[in-house]
Amino acid sequence: MKTEEIIQRCEALYEDLNFTSAREWKAAEPGRHVIGFLPIYIPRELIHAAGMLPLGIYGGGDQMEVIQGDAFYQSYICRIPRSTIELALTGKLDFVDGMLFPSICDVIRNLSGVWKLTQPDTYVRYVDVPQNYEKEVGGKFYIQEMRELMDGLEKISGREITDDQLRESIVVYNKNRELINELYHQRAKTPWNIPVTEVYLLMRAGQVLPVEDHNQMLSDYLTSVDQVQRPKRDNTKIILNGMFCEQPPLNLVRSIELAGCYVVDDDFILVNRWLRENVKESGDPLENLSDAFLEHSTRTSATYEPDESKKGSQLVEAVQKTGAQGVIFAAPSFCDPALLERPMLQDVLDQNNIPNIAFKYAENTGQMQPIREQAGTFADSIKLWS
Amino acid sequence: MATENVKKAPVDLSKDVQKDDSQLMQKEMIGGNFDKLAAAADDPDMKVVYTFVPGNLNELVQCFDVTGNYPEINALQSAMRKKTGPYIMEAERFGQDEDVCTYVKADLGMMRKGNIGPSGKKIADPDLLLLSYTGCFTFMKWFEALRHEYNCDTTMLHVPYQGDGEITQNMREYVVKQLKEDIIPALERTSGVKFDIDRLRENLGESAKAEDRLVDVLQTAKNKPSPIDSYFGGIYYVGPSFSAFRGTPECTAYYQALWEEVNARLEAGLGPVTPEGTMEKERYRLVVEGPPNYTHMREFWKMFYDEGAVVVASSYTKVGGVYEDGFRHDPNNPLESLADYCLGCYTNLNLPARTKMLEDYINDYEADGLLINSIKSCNSFSAGQLLMMNEIEKRTGKPAAFVETDLVDPRYFSASNVKNRLESYFQMIEQKRTSSAA
C-alpha cells in the first residue's frame, strides 16, 4: 500500500466521530465488546486479552460543535471533558460497553463520576496507577488494580481471561511498540520524509483499530515511506511537549511544521509509547506488566518524579538523542498537569542551554496564524543565533 | 426580596469583628505555630515539615517533635490579610501560568518574596516536604515545584482515589506500606527521632476525642435556629483539626471549649455568631458545596447574614476529614486508621458519593437548597459540580444555585455578580416556599 493511501485511511479514521470502524469490528461477530479509554495510559493488553477492542477516546476535536457538554463544565475547565461527554450524549459512544478513566488529573478523574451518573448502564472504572514505583509497594497495588479491572471485563464478556491470553496480548503489543519506536526513530533521522501530521495520524489510527491491523498499517507505512523522497528543507528540529491529553487540531500540528520546524519527538497519544521498553513475554503476565510500568514508564507531568535530579531528564535525553535544537511547550488551556510541570521543565532546559518557547491551545483552536508566527520566529531565532 | 427583609445601613468592614472565645483560643494556637516556624528559621535543631491539609498525618508528624507547616493555611491566612494578590502576580512573573491553581501561586510567590508568613514573621525553609497526595492532583506538582526551589528531602504518600465509592483492602494496604516504608523512615531521617507507635496511639486517641466534639458541634446545625454557620463559621471550627494541632491535648481542649460554647448557644436558642454579632433571624437554611473565597471573606459572609441565610452543612468542612459517618482515628489500628482517614477525605470521594452526601445534608439538616461556590482554582472540587447541582435539584426538589469565585485570587471575586446571584437565589427559595404552601 502506498504512503498516501495509508495516510488517507488514517485521516478518515481520525475524522470519523461515529467510530464506524470500531462499530463494524463489534458487529462482525456476536459477543464482541468495545472498551473506551481516555488519555493517558491504561494497560490495553488486558482488554485485548479479554477479546475486546480498546478504543481511545480523545474528545471531539475541532470538528464537533459542543452544545450539551458546555452545560457540564465551567468556562475555566479544559475542553476535552465537555467534548467527550458531548460524544456520549449525542449517541456517538452508544456501542461502547465500558469506559476507563486513567489517573491523569482531577478533571478526567471526576469525569469518571460524571459517567457513572449519566451513563448508569455502562461499566465505568477509574484506573489508578501507582505513583510509588517500588515493586513491593506500588507494584503489588498495581497488580491488584489490574486484577480488579480484569474482573470487570470478565463480567462483561462472561469469560475468564487466562494467563496465556494475556501473554499473547503482550506479544502483539510489544510488536506494536517496536513498530512505533521504529517509526519515531526513522522520523528523527529523516524528519523531512516523515511529516509530523503523518506520525500523528498513524498514532491516532492505533486508537480505533485492532492492534493487529495497526501493526500491519505501521509495517506497510514504514516500507512505503522508505521509497518516498520528499524535499529536505532548512527547518529547525524541535520537540513538542504537552499535547498528551486534550488533542491539538491537526492544522495546529501542521502549522508548526509549515512554520519551519521539523518535529523529531513529541508526546502525542502516549499510551502507544508509555512503556519505553517491551514487556517480558514469559512468566506471570500481570507481574510483567507491572514491572514494565514501574521500570520503563515515560515520565510525564501526570506522574510524580521521586528524584529531583531526574526531573526533566527524559526530555533532555530526547533532545540529545534526536538532535533537536529546541523544545516547544504546547499545552491545552487550563491543563493543570502540563502547565504546572512546564516551569520546572523550562528551568531544566535553560540549565542545559536548550532553547524553548511555550503557548497554549484548545482542541478547537481555529486561529493558526499566531502559532505559526511564534513557531516560525522560534525556528528562525535558533537558526540565526543558537 | 421578601417584604420582611429590611436593608441594614452600610457597615464598615474594616472595624473589629466580634469573636467567640474559641476563636480567640484558636488564634493563639495558630499564632503559636507561626512563632515556632519563625523560631525554626534561626534554629537548625528545630525541624520543619511542610504538608497539606487533606490527608494530613499530623498524629504521625507529632511523634517526631517537628513543626508542621501547611501551605494552604498560609495562603488562605494571607488572603484574608489581602496579601495574596501580589504573591500570585509574583509567581506568574516567574513563569506560572494564569490558568493554574492560585493556592500554588500564592505559596510560590510568598516564598519568592522572602517567605514571610501571614503573621508577618519568616517561615523556616522545609527540612522535609511530606506530600500527602490525597484528593487533589495539583498537590503533587505543588510539592515538586517547592522541591525544585528548596532542593530538600521529599517523601510522597500516594492515596488512591475512591473511584468506585469504596475503600478496598488493596488501597488500604498500599497506603499502610507507604507509611511504613517511606513516610516514617523519612520523618525519622529528618528529625533524628525514632518512631514510637505508642506515642502515635496516644495522639490518635486525642484525635478521636476531638473528632467526637467536632461532629457534635457541626450537627447542632440540625436545630432551628442553627447555633452555628457551618461554612463561614465552620472554617474556624475545623481549623485546629485540619492543621498542625489534631492529635494534641491542646486540640482536644479547643473542641471541648467550642462544644460548650456552641451548646450554650443552642440552649439559649441563639443563632450563629457573625462578625457583627449574633444573627437574629434565620430565614434561609443552605447547604454549600465548594471552598470559600478568602480574599473577601467578610464581604461574602455579609451577603448571607444580611439576608438571614445560614449555612447548615458544607462539604468544605470535610476536606480535612469526614467524621459524621462514624470514622474516628483509632489507637488500636494506628496505621490502618491513618490510611482510612486519608482515603476518606471529601475530595477523594467520587462524584456519586459527593452528590449523595450533599443530598443527605439537604434532607437531614432540613435545608432550603444547595449553593455551589465554584472555585476557579480547584478542579478537584469544581469539575462536575454543575452535574451535581442538577442531580441534587432532581433528587430533593430543592432549588440550587451557582456562584463563581476563587480561593485566594482577588481578581476573581466580583461582589456585584455574587450578590445578584444570591439575591436571585433567595427569591427562588421564597417562590418555592410559596408554591409549596399553595
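Remember, it's a predicted structure, so these values are computed and weren't measured experimentally. (Residues numbered from 1 in each chain as written. Chains lettered and ligands numbered in written order. Predicted model: local features only at pLDDT ≥ 70, side-chain atom pairs only at ≥ 80, totals over all residues. Heavy atoms only, no water.)

Colleague: Give me the confidence of the model for chain B: which residues, what numbers.
Modeller: Residue and element names in this part refer to chain B. Scored by pLDDT, chain B has a mean of 94; 96% of the residues are at 70 or more. Within the model, the stretch residues 1-9 combines pLDDT values under 50 with 15 contacts to residues more than four positions away or in other chains. Quick note on the complex model: pTM equals 0.95, ipTM equals 0.96. (pLDDT = per-residue confidence, 0-100. Contact = heavy atoms within 4.5 Å.)

Colleague: Give me the lowdown on the interface of chain A and chain B, citing residues and values where you can.
Modeller: Listed by partner, the interface residues are 57 residues for chain A and 57 residues for chain B. Around 4800 Å² of area is buried between chain A and chain B when both sides are counted, 56% of it from carbon and sulfur atoms. At the boundary of chain A and chain B, one finds nine salt bridges. The salt bridge partner of Lys360(A) is Asp97(B), with a shortest N-O separation of 2.8 Å. On inspection of chain A and its partner chain B, the count reaches 36 residue pairs in polar contact (both at pLDDT 80 or more). Elements represented by at least two residues in the side of chain A that touches chain B include exactly helix H5 (106-118), strand E4 (123-127), helix H6 (135-157) and helix H13 (336-351) of chain A. Grouping the constituent residues of the side of chain A that touches chain B by class yields 26 nonpolar, 13 polar and 18 charged. (Buried area = accessible area lost by both parts, 1.4 Å probe. Salt bridge = Lys/Arg side-chain N within 4 Å of Asp/Glu carboxyl O. Polar contact = N/O pair within 3.5 Å; in protein donor to acceptor, adjacent residues only side chain to side chain. Helix = DSSP H or I, 4+ residues; strand = E, 2+ residues; numbered from the N terminus. Nonpolar A, V, L, I, M, F, W, Y, C, P; charged D, E, K, R; others polar.)

Colleague: Please give an account of the sheet that holds strand E7 (residues 326-332) of chain A that cites residues and values.
Modeller: The strands making up a sheet are joined through hydrogen bonds of the backbone, oriented either antiparallel or parallel. All names here are of chain A. Across the sheet, four strands lie side by side as E6-E5-E7-E8; this open sheet has parallel pairing. Unpaired on one side and paired on the other, strand E6 (261-265) and strand E8 (356-361) mark the two borders of the sheet. Averaged over all adjacent pairs, the angle separating strand axes in this sheet is 35°, with direction ignored. Across four bridges, strand E5 (residues 236-241) lies against E7 in parallel orientation. Note on E7: the bridge partner recorded for Ile-238 is Gly-326. Sheet contacts for helix H10 (residues 250-258): E5, E6, E7 and E8; angle to E6, the most-contacted strand, approximately 115°. (Pairing = 2+ DSSP bridges. Axes fitted to C-alpha atoms, helices over the stretch in contact; angles between N-to-C directions.)

Colleague: Run through the pairing of strand E10 (residues 400-405) of chain B, naming residues and quoting values.
Modeller: All names here are of chain B. Most of E10 is tucked away, with five of its six residues classed as buried. Note: strand E9 (residues 369-375) against E10, six bridges, orientation parallel. Within E10, the position partnered with Asn-373 by the bridge is Val-403. (Buried < 20%, exposed > 50% of the residue type's maximum accessible area, 1.4 Å probe, protein only.)

Colleague: Any details on the nonpolar core? Residues and values, ideally.
Modeller: Across soluble globular proteins, you tend to see nonpolar side chains buried next to one another. Ile256(A), Ile328(A), Leu60(B), Tyr103(B) and Phe304(B) are the most contacted members of the largest nonpolar core, which totals 273 residues. Top contributing element to this core by residue count: helix H7 (residues 169-191) of chain B, with nine residues. Residues within four places of Leu60(B) in sequence aside, it is in contact with Leu179(B), Ile183(B), Ile184(B), Leu187(B), Phe195(B), Leu200(B) and Leu338(B). In terms of nonpolar packing, the next biggest core, distinct from the first, is built from 14 residues, Ala188(A), Val319(A), Val348(A) and Ile354(A) among them. (Core = buried A, V, L, I, M, F, W, Y, C linked by side-chain atoms within 4.5 Å.)

Colleague: Please provide a residue-by-residue account of H13(A), values included.
Modeller: Residues that lie three or four places apart on an α-helix share one face, since the helix turns once every 3.6 residues. Residues and elements named next belong to chain A. Here H13 is 16 residues long and its end C-alpha atoms lie 24 Å apart, about the 22 Å a rise of 1.5 Å per residue gives. Of all the bends in H13, the greatest, near 35°, is centred on Arg-342, and the proline Pro-343 appears no more than four residues after it. The buried fraction of H13 amounts to 13 of the 16 residues, a majority that puts the element mostly inside the structure. Of the residues trailing H13, Asn-353 is marked for its positive phi of about 55°. (Expected span 1.5 Å × (residues − 1). Bend = angle between axes of the 7 residues up to and from the residue.)

Colleague: Can you explain the packing of helix H1 (residues 21-42) of chain B against helix H10 (residues 249-267) of chain B? Please cite residues and give values.
Modeller: Residues and elements named next belong to chain B. Where H1 contacts H10, the axes come no closer than 9 Å and their chain directions differ by 165°. With respect to H10, the axis of H1 lies roughly antiparallel. Judged by the sense of rotation from one axis to the other, the crossing of H1 with H10 is left-handed. Judged by residue contacts, Asp-21, Ser-22, Met-25, Gln-26 and Met-29 of H1 engage Glu-250, Cys-251, Ala-253, Tyr-254, Ala-257, Leu-258 and Glu-261 from H10. The class makeup of the residues in the contact of H1 with H10 is seven nonpolar, two polar and three charged. (Parallel < 35°, antiparallel > 145°, perpendicular 65-115°, else oblique. Left-handed = near helix turned anticlockwise from the far one by under 90°.)

Colleague: Lay out the sheet that holds strand E2 (residues 67-69) of chain B in plain terms, naming residues and giving numbers.
Modeller: All names here are of chain B. Strand order in the open sheet made by the four strands is E2-E1-E3-E4, with parallel pairing throughout. Looking at strand neighbours, the two that pair on one side only are E2 and strand E4 (153-158), the edges of this open sheet. For this sheet the average axis-to-axis angle between neighbouring strands, irrespective of direction, equals 25°. The pairing of strand E1 (residues 48-51) with strand E3 (residues 128-133) spans three bridges and is parallel. If you follow Thr-51 over to E3, its bridge partner there is Leu-130.

Colleague: Describe the packing of aromatic side chains, naming the residues involved and giving the relevant values.
Modeller: In the structure shown here, the tally under the stated rule is 33 aromatic pairs over all chains. Between Phe64(B) and Phe195(B), the aromatic rings sit 6.0 Å apart at their centres with planes inclined by 20°, giving stacked as the arrangement. Here Phe64(B) is found in the loop between helix H2 (58-61) and E2, whereas its partner Phe195(B) is found in the loop between H7 and helix H8 (197-219), with 131 residues between them in sequence. The interplanar angle of 35° and the centroid separation of 6.2 Å between the aromatic rings of Tyr425(B) and Phe426(B) together place this pair among those described as tilted. In textbook terms, an aromatic cluster arises when at least three aromatic residues are bridged by ring pairs, as seen for Tyr231(B), Phe232(B), Phe300(B), Trp301(B), Phe304(B), Tyr305(B) and Phe413(B). Between Arg32(A) and the ring centre of Trp25(A), over which it is positioned, the NZ or CZ distance is 4.4 Å. Cation over ring: Arg246(B) sits above Tyr341(B), and NZ or CZ is 4.4 Å from the ring centre. (Phe/Tyr/Trp six-rings, centres within 6.5 Å; stacked < 30°, edge-to-face > 60°. Lys NZ or Arg CZ within 6 Å of the ring centre and 35° of its normal.)

Colleague: Give me helix H12 (residues 334-344) of chain B: which residues, what numbers.
Modeller: Residues and elements named next belong to chain B. The element H12 is largely enclosed, with a buried count of 10 among its 11 residues. Among the residues of H12, those classed as buried are Pro-334, Leu-335, Ser-337, Leu-338, Ala-339, Asp-340, Tyr-341, Cys-342, Leu-343 and Gly-344. Against the buried residues of H12 lie H2, E4, H7 and H8.

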